[in-house]
Amino acid sequence: MNRGTRDELLGRLAEAVGSVTVAHPTRVAIDGPPAAGKTTLADELAVVLRAQGRDVIRATIDDFLFPRAQRYPRGEYSAEGCYFDTHDYDALSRVLLDPLGPGGDRRFQHAVYDRTADTALSPPVTTAPADAVLVFDGVFLMRPELVERWDLRIFVSTALETIVDRAVIRERRVSSRVEVERRWRERYIPSQQLYFASVRPTDHVDIIVHNDELQQPVWETRTH
């Protein structure tokens with residue numbers, strides 16, 4: 001275990017990215033529960049990598065959702081629905097992960113869905129440099145459909161009560177505390193428990209970031 005400042009953590013993660021030796025863009029997964037701090041960490045890491053001269057592609061699982069009408073066949077608060085019915089992994093692999101991977105042509109799209117408008121997207125196809133870095137955040141990224149497509153795997157871990165409190169703060173402008181707590185306790189947290197029981201995601205990652213104290217994170221490097 002290592003404990004340090006936020007900047008020290010980001011420096012360690014940037015070193016880990018730099019140590020990856022592949023002949024195609026480096027695909028970095030930042031996995032973890034909702035409200036654990038994945039997106040913030042991914043954004044911060046992207047800033048550090050760009051400052052080092054790397055070409056960074058930032059993308060998120062939220063831009064690879066199925067349309068809303070397809071996401072809730074088991075009900076709005078179903079944990080199984082959250083895990084099985086939410087994300088379009090075929091599209092994610094087809095337009096982003098595979099083109100940036102071994103044998104890919106590096107011609108990618110960073111999104112297929114606009115969550116706010118609940119409409120499909122087809123952004124322009126872009127060609128990535130061979131030394132680019134994809135920094136991708138989201139839930140369930142160590143699923144069997146995806147786990148082999150990452151070149152560096154990071155998991156952001158936070159106590160479940162902490163993520164509920166963070167979610168309430170994050171969503172207070174659009175949802176009541178009662179609504180947020182119900183969504184997290186009935187859908188999101190049980191879906192993470194299902195994920196851990198079926199996949200054991202932390203067994204597959206290279207670095208675990210314990211993010212309970214944002215300015216004093218703890219991290220550990222795994223060897224496989």
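Refer to the structure above for everything that follows.
Computed from a predicted structure; not experimentally measured.

1. Examining the overall build of the protein
Moving on, step 1. Of the regular secondary structure elements, the protein holds seven helices and eleven strands.
Moving on, step 2. Over its C-alpha trace the protein gives a radius of gyration of 17 Å, about what one expects of a compact globule, namely 17 Å for 224 residues.
Moving on, step 3. Each principal axis of the C-alpha distribution contributes one length, and for the protein these read about 45 × 40 × 35 Å.
Moving on, step 4. Taking all 224 residues of the protein together, the buried fraction comes to 50%.
Moving on, step 5. Long-range contacts, defined as pairs at least 24 residues apart, comprise 71% of the intrachain contacts of the protein with a sequence gap of at least 6.
Moving on, step 6. In the structure as shown, the protein presents an accessible area of about 10,800 Å², 49% of it carried by carbon and sulfur atoms.
Moving on, step 7. Considering the protein, the positive charge centre built from 29 side chains and the negative charge centre built from 34 side chains are found 1 Å apart.

2. Regarding the pattern of salt bridges
Moving on, step 1. Taken as a whole and assessed by the stated rule, the structure comprises 16 salt bridges.
Moving on, step 2. Among the ionic pairs, Asp-62 bridges to Arg-115, the shortest N-O distance being 3.4 Å. Note that Asp-62 is positioned in the loop between strand 3 (56-60) and helix 3 (68-71) and Arg-115 in the loop between strand 5 (113-114) and strand 6 (119-120), a separation of 53 residues in sequence.
Moving on, step 3. On the basis of relative accessible area, Asp-62 is assigned to the partly exposed category, the value being 31%.
Moving on, step 4. Between Arg-200 and Asp-203 there is a salt bridge, with its nearest N and O atoms 2.7 Å apart.
Moving on, step 5. Here the salt bridges do not stand alone but share partners, grouping Asp-165, Arg-177, Glu-181 and Arg-185 into one network.

3. Overview of the side chain of Glu-220
Moving on, step 1. Here Glu-220 is to be found in strand 11 (residues 218-221).
Moving on, step 2. Of note is the side chain of Glu-220, whose polar atom sits 3.4 Å from the side chain of Arg-222.
Moving on, step 3. Other than its neighbours up to four places away in sequence, Glu-220 contacts Met-1, Asp-206, Ile-207, Ile-208 and His-210.

4. Description of the packing of helix 6 (residues 160-170) against helix 7 (residues 177-199)
Moving on, step 1. Following both chains from N to C, one finds helix 6 and helix 7 inclined at 140°, their axes separated by 10 Å at the closest point. Looking at the two axes, helix 6 sits oblique to helix 7. Where helix 6 crosses over helix 7, the handedness of that crossing is right-handed. Side by side, helix 6 and helix 7 meet where Leu-160, Glu-161, Ile-163, Val-164, Asp-165, Ala-167, Val-168 and Arg-170 of the first sit next to Arg-177, Val-180, Glu-181, Trp-184, Arg-185, Ile-189 and Gln-193 of the second.
Moving on, step 2. Of the residues in the contact of helix 6 with helix 7, the class split is eight nonpolar, one polar and six charged.

Rules used throughout
Residues numbered from 1 in each chain as written. Predicted model: local features only at pLDDT ≥ 70, side-chain atom pairs only at ≥ 80, totals over all residues. Heavy atoms only, no water. Helix = DSSP H or I, 4+ residues; strand = E, 2+ residues; numbered from the N terminus. Rg over C-alpha atoms; globule rule 2.2 N^0.38 Å. Buried < 20%, exposed > 50% of the residue type's maximum accessible area, 1.4 Å probe, protein only. Contact = heavy atoms within 4.5 Å. Areas by Shrake-Rupley, 256 points an atom, 1.4 Å probe, with all protein chains shown as cover. Lys, Arg positive; Asp, Glu negative; His and termini not counted. Charge placed at Lys NZ, Arg CZ, Asp CG, Glu CD. Salt bridge = Lys/Arg side-chain N within 4 Å of Asp/Glu carboxyl O. Polar contact = N/O pair within 3.5 Å; in protein donor to acceptor, adjacent residues only side chain to side chain. Axes fitted to C-alpha atoms, helices over the stretch in contact; angles between N-to-C directions. Parallel < 35°, antiparallel > 145°, perpendicular 65-115°, else oblique. Left-handed = near helix turned anticlockwise from the far one by under 90°. Nonpolar A, V, L, I, M, F, W, Y, C, P; charged D, E, K, R; others polar.

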